[in-house]
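# Structural description and commentary
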Amino acid sequence: MRWLWIDAILLHEPAKRLVAVKNVSLAEEHLHQHFAAGADGPAQPLMPATLMLEGMAQTAGILVGSVRNFAEKVILAKVTEAVFEQDVAPGQSIRYDAVIERLDDMGASTKGVISRWDHRDGAWTDIGRTEIIFSHVDQNRAGLELPEHNFVFGENFRAILGGLLPRGAGQASAR
Amino acid sequence: MTQDEIFGKVRTVLVDALGVDEEEVTMGARLTTDLHAESIDFLDIVFRIEKAFGFKIGQGELFPDNINDPKYVQDGVVNANGLALLRERMPHVDFSEFAKNPKLEKVSEIFTVASLVSFVAAKLQAGSPAKSSAAKLA
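Parameters and conventions
- Residues numbered from 1 in each chain as written.
- Chains lettered and ligands numbered in written order.
- Predicted model: local features only at pLDDT ≥ 70, side-chain atom pairs only at ≥ 80, totals over all residues.
- Heavy atoms only, no water.
- Axes fitted to C-alpha atoms, helices over the stretch in contact; angles between N-to-C directions.
- Helix = DSSP H or I, 4+ residues; strand = E, 2+ residues; numbered from the N terminus.
- Parallel < 35°, antiparallel > 145°, perpendicular 65-115°, else oblique.
- Left-handed = near helix turned anticlockwise from the far one by under 90°.
- Contact = heavy atoms within 4.5 Å.
- Nonpolar A, V, L, I, M, F, W, Y, C, P; charged D, E, K, R; others polar.
- Expected span 1.5 Å × (residues − 1).
- Buried < 20%, exposed > 50% of the residue type's maximum accessible area, 1.4 Å probe, protein only.
- Pairing = 2+ DSSP bridges.
- Buried area = accessible area lost by both parts, 1.4 Å probe.
- Salt bridge = Lys/Arg side-chain N within 4 Å of Asp/Glu carboxyl O.
- pLDDT = per-residue confidence, 0-100.
- Core = buried A, V, L, I, M, F, W, Y, C linked by side-chain atoms within 4.5 Å.
- Domains from an automatic or database assignment.

### What to know about the packing of helix H1 (residues 3-18) of chain B against helix H2 (residues 39-53) of chain B
Residues and elements named next belong to chain B. Orientation of H1 relative to H2, taken along the N-to-C sense of each, is 140°, at an axis distance of 10 Å. Classified by the interaxial angle, the pair formed by H1 and H2 is oblique. Considering the relative orientation of H1 and H2, their crossing is right-handed. Every residue of H2 that contacts H1 at Ile6, Lys9, Val10, Val13, Leu14, Asp16, Ala17 and Leu18 is listed here: Asp41, Asp44, Ile45, Arg48, Ile49, Ala52 and Phe53. Residues belonging to the contact of H1 with H2 are distributed by class as follows: ten nonpolar, no polar and five charged.

### Comments concerning helix H5 (residues 113-126) of chain B
All names here are of chain B. Look at H5: 20 Å from first C-alpha to last across 14 residues, which is about the 20 Å you get at 1.5 Å a residue. Here H5 has its buried residues at Val113, Ser115, Leu116, Val117, Phe119, Val120 and Lys123. Residues of H5 that are buried in the fold lie against H1 and H2. Of the residues trailing H5, Gly127 is marked for its positive phi of about 60°.

### Notes on the sheet that holds strand E4 (residues 93-103) of chain A
All names here are of chain A. Judged by pairing direction, the sheet is antiparallel, and its six strands sit side by side in the order E1-E2-E4-E5-E6-E3 without closing on themselves. Both outer strands of the open sheet, strand E1 (8-13) and strand E3 (74-84), are each paired with one neighbouring strand and no more. Adjacent strand axes in the sheet meet at a mean angle of 20°, parallel and antiparallel pairs treated alike. Pairing of E3 with strand E6 (residues 123-136) involves nine bridges; the strand directions are antiparallel. Bridge pairing in E6 places Phe84 opposite Gly128. Helix H1 (residues 49-67) contacts E1, strand E2 (17-23), E3, E4, strand E5 (107-118) and E6 of the sheet and is inclined by roughly 45° relative to E4.

### Description of the packing of H1 of chain B against H5 of chain B
Residues and elements named next belong to chain B. Contact pair H1 / H5: the axes reach a minimum separation of 9 Å and the direction vectors enclose 120°. By the criterion of interaxial angle, the relationship of H1 to H5 is oblique. Crossing of H1 against H5: the hand is right-handed. Within the contact between the two elements, H1 uses Gln3, Ile6, Phe7, Val10 and Leu14 and H5 uses Val113, Leu116, Val117, Val120, Ala121 and Leu124. In terms of residue class, the contact of H1 with H5 is made up of ten nonpolar, one polar and no charged.

### Description of the interface of chain B and chain A
Taken residue by residue, the interface counts 19 residues in chain B and 19 residues in chain A. Roughly 1,400 Å² of surface becomes buried between chain B and chain A when both sides are summed, with 49% attributable to carbon and sulfur atoms. Its largest share of buried area at the contact with chain A, chain B owes to Ile40, Phe47 and Gln59 of chain B, together 37% of the area lost on that side. At the boundary of chain B and chain A, one finds four salt bridges.

### Overview of the environment of Arg48 of chain B
Residue and element names in this part refer to chain B. Assignment of secondary structure puts Arg48 in helix H2. A relative accessible area of 19% places Arg48 in the buried class. C-alpha separation for the pair Arg48 and Leu35, spaced 13 residues apart in sequence, amounts to 16 Å.

### Points about the confidence of the model for chain A
Of all residues in chain A, 85% have pLDDT values of 70 or greater, and the mean over the chain is 87. Confidence over residues 170-175 of chain A falls short of pLDDT 50; this stretch has 14 contacts with residues more than four positions distant or in other chains.

### Some points on the nonpolar core
All names here are of chain B. By size, the foremost hydrophobic cluster in this structure holds 46 residues, and its most contacted members are Leu14, Leu31, Ile45, Ile49 and Val113. At the level of secondary structure, the elements contributing two or more residues to this core comprise H1, H2, helix H3 (80-89) and H5. Among the domains, domain 1 (1-57 + 111-129) and domain 2 (64-108) are the pair contributing at least three residues each to this core. Excluding its chain neighbours within four sequence positions, the residues that come into contact with Leu14 are Gly19, Val20, Val25, Leu31, Leu35, Ile45, Val113 and Leu116.

### Observations concerning the domain arrangement of chain B
Residue and element names in this part refer to chain B. Here chain B is partitioned into domain 1 (1-57 + 111-129) and domain 2 (64-108). Once you take the C-alpha centre of each, domain 1 and domain 2 turn out to be 21 Å apart. Of the residues lining the interface, six residues belong to domain 1; the matching set on domain 2 comes to six residues. Taken over both partners, the interface formed by domain 1 and domain 2 buries close to 570 Å², and the fraction arising from carbon and sulfur atoms is 66%. Among the residues domain 1 hides against domain 2, the three largest losses belong to Phe111, Ser115 and Phe119. Together they make up 70% of the total. Across the domain 1-domain 2 interface, the total number found is zero salt bridges.

This is how it looks when you write it as structure tokens:
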């Protein structure tokens with residue numbers, strides 16, 4: 001099962017913007033190691049920034065893939081900016097708001113804003129921002145030999161993609 | 001826009017895209033061997049130059065497209081036809097050194113900061129939108 005770091009898609013403006021949300025729960029194993037109790041003090045469970053970056057990459061990657069009906073293999077190529085200014089704790093939610101800056105045959109550049117919902121405040125607070133470049137990997141110049149089927153947007157992505165995924169999309173070249 | 005102004009903007013693009021210091025970005029610096037650009041950085045550089053100068057760059061126009069076609073490349077070496085096409089499509093690049101030992105794997109090493117400045121100057125002078133067929137060798 002692929003790691004999915006978004007729970008639901010909230011908004012989709014085709015070829016422009018995708019907004020997804022993730023709820024952070026203390027039941028998630030990784031929070032017990034990040035950070036565990038130790039000589040420094042009691043446990044301090046916090047959502048790792050690296051996994052928030054992965055959540056944004058999945059959100060923006062789905063947006064980029066959706067432009068061409070998931071026919072392209074969309075691979076994260078480069079994180080040109082990733083800034084995290086505040087923490088996210090269990091009981092809070094994360095919103096990933098991704099927009100496409102530019103897209104062509106070679107790939108796409110995206111910008112993202114990461115926000116945090118706190119039930120006590122009842123408000124979203126912006127806590128980070130990203131700039132991520134994706135490659136349409138079959139078009140890249142490196143000449144890599146890759147599987148013919150679309151391993152990026154496979155079967156295990158279908159639950160989250162829901163209505164975004166046309167019948168048969170991403171599977172056209174599968175064997 | 002003068003060449004110095006173009007160079008200044010190109011330098012900012014490369015500092016931002018490659019994380020290099022301004023002093024490293026000289027006209028003669030090679031993008032790969034001197035400034036440590038990797039293949040994916042070329043896509044980033046294309047995007048940033050478009051944004052900085054306000055024009056569109058067609059696929060394969062600034063950097064060569066997939067050129068691994070038997071018509072142009074045999075046993076990993078770019079042949080005379082391939083070289084002729086590269087020169088025709090990419091006049092902003094000096095292929096003279098590359099032509100002496102035209103191994104395909106070395107093609108990305110020929111791009112210098114001067115190549116980018118020359119490309120931008122020609123684009124600004126032409127003032128026309130990118131042609132999608134440019135340098136489509138594959």
